[in-house]
Amino acid sequence: MIVSLNGDNQYVLRISALGDRTENDYLAETEFVHFLAENGAPVADAIPSVHGKLVECIEADGKEVYVSLFAYAKGMLIADNGYQYREGAPLSEYFYNTGKALGKIHSLSKAYVPVHNRPNYFDKYNMSYLDHLIPDEYHELKRVIGKRLEEFHTLPMDKNCYGLVHFDFSDGNYHIDMNTGEITVFDFDNCINCWYMFDLANLWMHNEGWTRQETDPEKRFELMQQCFDFQLQGYKTETDISEEMLKKLPLFIDMVLIENIVDEFGCCKREGEELDYEDIEDAAECLINGIPYAGLGEY
């Protein structure tokens, strides 16, 4: 919820009572966000309480509830502006600035030494867990996910390519100052130790929204690549990404598809609902049939 102090600055008060995360998870998240903000990253800072804590634990109805306060991100969601960028500025500026913001986060992540740790990718994305999460009727999907996980295990995991990432970097999780074009990122609650390329692949996939008016698949792919080129230009002003990793973009797009699928199954399990296959059909078909670029690019 949005709150203010004496009608002055706005803040976001987060009250977490779902029980799907531990105190360590919240501490690891808010400590990372506070580190990023203190070192110049364009993120909505985690604000300490009057007791100097980034996370306060209180009891309500016999349950532990975790409370955190964040600065309100300046600007607005681009969706709330009808997906219109700021007047008089080229759209290339927007793509450049999103890449630059992500690059700054990744640059600082490479130097970050956590007090509390967020999970590593394979802590969640492993077949021991996924076998229980995904029903046996989806055996072919589980098989191809298992093969992708084997490929992921061969990827390098040194500090230049693997570290704490946002894991949900998209236009729903940052505000844009429509006067300056500056971006402020928030919602790090899914942050995880993973490859930096995951965030970049997720960024690539969200370019589809800017190119869907193009019905020709080849032209659409070219447009998506042009958007991504501007994003990479901004990204590389803050940190490096090797050409070897960039060439693996299709593999990391598959990683994003797997995350989307696992998230759907996880939500259904928490809610006690049956999965509607249409919610994962496109992603599943791409993985099962080996269709690259989430079906949005070259075959």
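Placed above this text is the structure.
These figures come from a predicted structure and were not determined experimentally.

**Q** I would appreciate a short explanation of the packing of helix 5 (residues 139-152) against helix 11 (residues 281-288) in the present structure.
**A** Between two packed helices, both the angle of their axes relative to each other and the distance between the axes serve to describe the pair. At a minimum axis distance of 9 Å, the contact between helix 5 and helix 11 shows a crossing angle of 60 degrees. Taken together, the axes of helix 5 and helix 11 lie oblique to each other. Every pair of crossing elements has a handedness; the one defined by helix 5 and helix 11 is left-handed. Counting all contacts with helix 5, which are made through E140, L141, V144, I145 and R148, the residues of helix 11 involved are A284, C286, L287 and I288. Partitioned by chemical class, the residues of the contact of helix 5 with helix 11 number seven nonpolar, no polar and two charged.

**Q** Would you explain helix 8 (residues 217-236) in this entry?
**A** Side chains of residues three or four places apart in an α-helix project in the same direction, reflecting 3.6 residues per turn. In a regular helix each residue adds 1.5 Å, so 20 residues correspond to 28 Å; helix 8 covers 28 Å between its end C-alpha atoms and thus fits that length. When helix 8 is considered as a whole, its buried residues turn out to be R220, F221, M224, C227, F228, Q231, L232, G234 and Y235. The buried residues of helix 8 occupy an angular sector of 155 degrees when the element is viewed end-on, so they sit on one face. You can read the cap of helix 8 off the contacts: a side-chain oxygen lies 3.0 Å from the backbone nitrogen of E218, and it is on D216.

**Q** I would appreciate a short explanation of the packing of aromatic side chains in the present structure.
**A** The geometry of an aromatic ring pair is captured by two quantities: the separation of the ring centres and the angle between the planes. Tallied over the full model, the rule gives 24 aromatic pairs. For the ring pair F169 and Y174, a centre distance of 5.4 Å and an interplane angle of 40 degrees mean the geometry is tilted. Relative accessible area serves as the criterion here: at 1%, F169 is assigned to the buried category. Judged by relative accessible area, which is 3%, Y174 ranks as buried. Counting every residue linked through ring pairs, the aromatic cluster contains Y121, F122, Y125, F152, Y162, F167, W195, F198 and F252.

**Q** Explain the pairing of strand 5 (residues 63-71) to me, please; I cannot follow it from the model alone.
**A** Two faces make up the sheet, and in a regular strand the side chains alternate between them. One ladder, built from six bridges, connects strand 2 (residues 10-16) with strand 5; its direction is antiparallel. Looking at the pairing, R14 lines up with S68 of strand 5. Alignment of strand 3 (residues 46-47) against strand 5, held across two bridges, turns out to be antiparallel. Counterpart to I47 in the pairing with strand 5 is L69. One ladder, built from five bridges, connects strand 4 (residues 56-60) with strand 5; its direction is antiparallel. Considered in strand 5, the bridge of E56 is made with V67. Hairpin remark: strand 4 followed by strand 5, antiparallel, with two residues in the connecting loop; positive phi at D61, about 55 degrees.

**Q** Where do I start with the state of the cysteines in this structure?
**A** Under the definition given, this model contains zero disulfides. Among the cysteines around C227, which has no disulfide bond, C286 carries the closest sulfur, lying 19 Å off. Take C227: its relative accessible area is 9%, and that puts it in the buried class. For C268, which is in no disulfide, the shortest distance to another cysteine sulfur is to C267 and amounts to 7.0 Å.

**Q** Would you explain the environment of C268 in this entry?
**A** Turning to its location among the elements, C268 is positioned in helix 10 (residues 249-271). For C268, a relative accessible area of 11% translates into the label buried. Filtering out sequence-adjacent residues up to four positions away, C268 remains in contact with E273, E274 and L275.

**Q** Before we go on, may I ask you to explain the pattern of salt bridges in this structure?
**A** Pairing between side chains becomes possible if they bear opposite charge and their charged atoms approach one another. Scanning the entire structure with this criterion turns up ten salt bridges. Salt-bridge contacts for K74 lead to D177; the nearest nitrogen and oxygen are separated by 3.4 Å. Taken together, the residues K74 in the loop between strand 5 and helix 2 (91-109) and D177 in the loop between strand 7 (174-176) and strand 8 (183-185) connect sequence positions 103 residues apart. Judged by relative accessible area, K74 falls into the exposed class, the value being 56%. Notably, a salt bridge pairs R212 with E208, separated by 2.9 Å at the nearest N-O pair. Residues joined by salt bridges that share partners form a network here, namely D131, D136 and K142.

**Q** Can you help me understand a negative patch on the surface in this one?
**A** Taken together, the side chains of D276, E278, D279, E281, D282 and E285 make up a negatively charged region of the molecular surface. Within the element layout of this structure, E285 appears in helix 11.

Rules behind the numbers
- Residues numbered from 1 in each chain as written.
- Predicted model: local features only at pLDDT ≥ 70, side-chain atom pairs only at ≥ 80, totals over all residues.
- Heavy atoms only, no water.
- Axes fitted to C-alpha atoms, helices over the stretch in contact; angles between N-to-C directions.
- Helix = DSSP H or I, 4+ residues; strand = E, 2+ residues; numbered from the N terminus.
- Parallel < 35°, antiparallel > 145°, perpendicular 65-115°, else oblique.
- Left-handed = near helix turned anticlockwise from the far one by under 90°.
- Contact = heavy atoms within 4.5 Å.
- Nonpolar A, V, L, I, M, F, W, Y, C, P; charged D, E, K, R; others polar.
- Expected span 1.5 Å × (residues − 1).
- Buried < 20%, exposed > 50% of the residue type's maximum accessible area, 1.4 Å probe, protein only.
- Arc of directions from axis to C-beta.
- Polar contact = N/O pair within 3.5 Å; in protein donor to acceptor, adjacent residues only side chain to side chain.
- Phe/Tyr/Trp six-rings, centres within 6.5 Å; stacked < 30°, edge-to-face > 60°.
- Pairing = 2+ DSSP bridges.
- Disulfide = S-S within 2.5 Å.
- Salt bridge = Lys/Arg side-chain N within 4 Å of Asp/Glu carboxyl O.
- Patch = residues over 30% accessible without salt bridge, like charges linked within 9 Å, V, L, I, M, F, W, Y side chains within 5 Å.
- Areas by Shrake-Rupley, 256 points an atom, 1.4 Å probe, with all protein chains shown as cover.
- Lys, Arg positive; Asp, Glu negative; His and termini not counted.
- Charge placed at Lys NZ, Arg CZ, Asp CG, Glu CD.

That is the geometry; function is a separate question.
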